Amino acid sequence: MKYSSIPSAQSVVYHCKARDIENIIISPGSRNAPLTIGFTEDKFFKCYSLVDERCAAFFALGMSQQSRKPVVAICTSGSALLNYYPAVAEAFYSDIPLVIISADRPVYKIDIGDGQTIRQENVFQNHIGYSGGLKQDVCHAGEKIQKPVETQRAIQLFNDDILNKALNTAIETFSPVHINVPFEEPLYDTVEENTVIPHVELPVISGEPESYGLRDFADIWNSSKRKIILVGTNPPDAIEKKHMDSLALDSSVLVFTETTSNLHHPNFFPSIDSIIAPLEKSTHKNENFKALQPDVLLTFGGMIVSKKIKAFLRNYSPKYHWHVGPKKAYDTFFTLSHHFKTDADSFFDRFLRLTRPVSSDFYQRWSQVRTHYIEKRKEYLSKIPFTDMLAFHRIIHSIPKGYEVQLGNSSTVRYSQLFDMDPTLRVFCNRGTSGIDGSTSTAMGASIYSGSPTVLLTGDLSFLYDSNGLWNNYIRPDFRIIVINNGGGGIFRILPGKEATENFENYFETVQHLNIEKLCSLYGFEHSKAANDMDLRNKLSEFYKESSTPKLLEIRTPRLKNDKILLAYFEFIS
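What you are looking at is a predicted structure, and each value in this text was computed from that prediction instead of being measured.

(A) Summary view of helix α11 (residues 344–351). Of the residues making up α11, those classed as buried are Ala344, Asp345, Phe347, Phe348 and Phe351. Down the axis of α11, the sector holding all buried residues measures 160 degrees, keeping them to one side. Residues of α11 that are buried in the fold lie against α6 (215–222), α7 (241–248), β11 (296–300), β12 (320–324) and β13 (336–340). Near the N-terminus of α11, the side chain that reaches the backbone nitrogen of Asp345, with its oxygen 3.2 Å away, is that of Asp343.

(B) The nonpolar core, seen in detail. Grouped together as the largest cluster of nonpolar side chains are 63 residues, with contacts concentrated most on Leu292, Met389 and Ile482. The contact partners of Leu292, leaving out residues within four places of it in the chain, are Ile228, Leu254, Phe256, Ile275, Ile276, Leu279, Phe312, Phe362 and Trp366.

(C) Summary view of the sheet that holds strand β6 (residues 130–133). Judged by pairing direction, the sheet is parallel, and its 6 strands sit side by side in the order β3-β2-β4-β5-β7-β6 without closing on themselves. This sheet does not close on itself; its edge strands, each paired only once, are β3 (46–49) and β6. Ignoring strand direction, the axes of neighbouring strands in this sheet form an average angle of 20 degrees.

(D) Structural detail: the pattern of salt bridges. Within the structure shown, the criterion is met by 24 salt bridges. Two residues, Glu150 and Lys135, come together in a salt bridge whose shortest N-O distance is 3.0 Å. Of the two residues, Glu150 sits in the loop between β6 and α5 (152–173) while Lys135 sits in the loop between β6 and α5, which places them 15 residues apart along the sequence. The network of salt bridges with shared partners includes Asp95, Lys327 and Lys328.

(E) A look at the packing of helix α8 (residues 272–281) against helix α10 (residues 307–315). Contact geometry for α8 and α10: axes closest at 8 Å, N-to-C directions at 55 degrees. Judged by the inter-axis angle, α8 sits oblique to α10. When you trace α8 past α10, the crossing you get is left-handed. Residues Ile272, Asp273, Ile276, Ala277 and Glu280 of α8 pack against Lys308, Ile309 and Phe312 of α10. Split by residue class, the contact of α8 with α10 holds 5 nonpolar, no polar and 3 charged.

(F) Layout of the sheet that holds β12. Strands sit in the order β10-β9-β11-β12-β13 across an open sheet of 5 strands; the sheet is parallel. Of all the strands in the sheet, just β10 (253–256) and β13 have a single pairing partner and so form its edges. Averaged over all neighbouring strand pairs, the angle between strand axes comes to 20 degrees, with direction disregarded. Bridge analysis of strand β9 (residues 227–231) against β11 gives 5 bridges, and the strand direction is parallel. Bridge assignment links Val231 to a residue of β11, and that residue is Phe300.

(G) Layout of the packing of aromatic side chains. Going through the model one piece at a time under the given rule, you end up with 29 aromatic pairs. Between Tyr380 and Phe572, the ring centres sit 5.2 Å apart and the planes meet at 45 degrees, which makes this aromatic pair tilted. Here the residue Tyr380 occupies a position in helix α12 (residues 362–381), and Phe572 occupies one in helix α21 (residues 562–573), the gap between them amounting to 192 residues. Phe572 sits in the partly exposed class, given a relative accessible area of 22%. Relative to Tyr544, the ring of Tyr403 lies with its centre 5.3 Å away and its plane at 80 degrees, an arrangement referred to as edge-to-face. With a gap of 141 residues between them, Tyr403 in the loop between α13 (388–398) and β14 (404–407) and Tyr544 in the loop between α20 (533–543) and β19 (551–556) connect regions that are remote in the sequence. Tyr544 matches Tyr403 in its accessibility class, with the two residues each being buried. Through a chain of ring-to-ring contacts, three or more aromatic side chains come together here, namely Phe217, Trp221, Phe300, Tyr320, Trp322, Phe340, Phe347, Phe348 and Phe351.

What counts and how
- Residues numbered from 1 in each chain as written.
- Predicted model: local features only at pLDDT ≥ 70, side-chain atom pairs only at ≥ 80, totals over all residues.
- Heavy atoms only, no water.
- Buried < 20%, exposed > 50% of the residue type's maximum accessible area, 1.4 Å probe, protein only.
- Helix = DSSP H or I, 4+ residues; strand = E, 2+ residues; numbered from the N terminus.
- Arc of directions from axis to C-beta.
- Contact = heavy atoms within 4.5 Å.
- Polar contact = N/O pair within 3.5 Å; in protein donor to acceptor, adjacent residues only side chain to side chain.
- Core = buried A, V, L, I, M, F, W, Y, C linked by side-chain atoms within 4.5 Å.
- Pairing = 2+ DSSP bridges.
- Axes fitted to C-alpha atoms, helices over the stretch in contact; angles between N-to-C directions.
- Salt bridge = Lys/Arg side-chain N within 4 Å of Asp/Glu carboxyl O.
- Parallel < 35°, antiparallel > 145°, perpendicular 65-115°, else oblique.
- Left-handed = near helix turned anticlockwise from the far one by under 90°.
- Nonpolar A, V, L, I, M, F, W, Y, C, P; charged D, E, K, R; others polar.
- Phe/Tyr/Trp six-rings, centres within 6.5 Å; stacked < 30°, edge-to-face > 60°.

Right, dumping it as structure tokens:
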């Protein structure tokens, strides 16, 4: 087996292998050649080559999202590193252990006017779990460097300390980390044996969560007749069924879930906006909102999609807001009173032993509201013309059981919130920063690790923005993409304040007429198109069938009708 002749490159590879970090995403370059050689020559690692660094980082993020283990993304020096930033920010807010390793020029070449030299250390400082720069090896220093004051042994110990801190932080805290590694030429020399024996300190994985003195909180819970549990982004199978059943059978508890919550129970409330929107439009708005206002709000999971529930809980604040999560608690509603630093399943395992069902009409009242909007939604869907809303209804009910669903942001994830997902589907979305960039690349990376077929639901702007996500050699033939093509940024027609002017169409909605079929031809996707309800149903009946190539279904919807149909839905169910 070949090894890079550079000790720091050997150390990086050694530390990753010692921690069982096997998935390595490499973007081509010369300065990162020592790392590329080290990882690709060792059969322990699974290496993937992606040219576009922004796509590569989201690809790595998708793999890490699924495996819940660190995935490494490696790039050359210069602006290549900056293209990782969107994925780093997403990983930071979504608690995904993405490991960024950047090759760099020697320190003496920075800021002297040399090519591909930028200030790479700490470049992600506001959105990183840990950032560290290795020192250049004395035994591989160029003649331009002054006589070193440190020995190679001292540098080795320093670099080992940085690598231990960085990789252990990723594993222990589910955070992105950045390791910057300067290399002097020659870059491609190899040796037959490792020349270093790094000092590795493996991460400490915490065991049982600490005790919290839950009795006082249970007393509050047991004395409260109106309690809401609000679940944000949540991995599948994170909560035991017995805990969900216990919460669902308490008449004083409403469990609000979202599409990305991956929690299902007949007594839960999965379409939050369909509950809130009618209250906003009612003649007794304040009275109805006060009836929904909880005494206790308990949250867990990541970011919340629904703007309506956030506005409601900020205006009608609970007396207590408790958040459950091992890492952090956001004061989303400006009333956070306690953070239980443990995972939700462990919390409920202890907490529910101390609680009892409370007699209340809270669940019954809002269950009737839920039944009403379900009936009205069915009636509304039978009347509306072919638009985004009807298309999403058809799409979501067509997805085969057991699929992994990746959602684009903006209108895609918001429309998905209005419909019930089959409990066997695993749903993911980049809700850390909620950006439209990287959805395709994330889905691609996730599909590599997932054992199930994957379908990506996305809008036209998000898909086109990340079209380089199709530029890789790892696309499974069962990978499916559905693009809702409404000719621009349809979300801006839904938001308040829009005006139907040329200025709005050019600079907000950004109308586009690009040919998605040609992109499919370029990247080897089977393309089909639907522009009416009958056509869509026919295409969906064939779309998921086994094929030798991946497929993309483009659904053309009327740009000027979609917002009117969606906004009228909330009027109708009111």
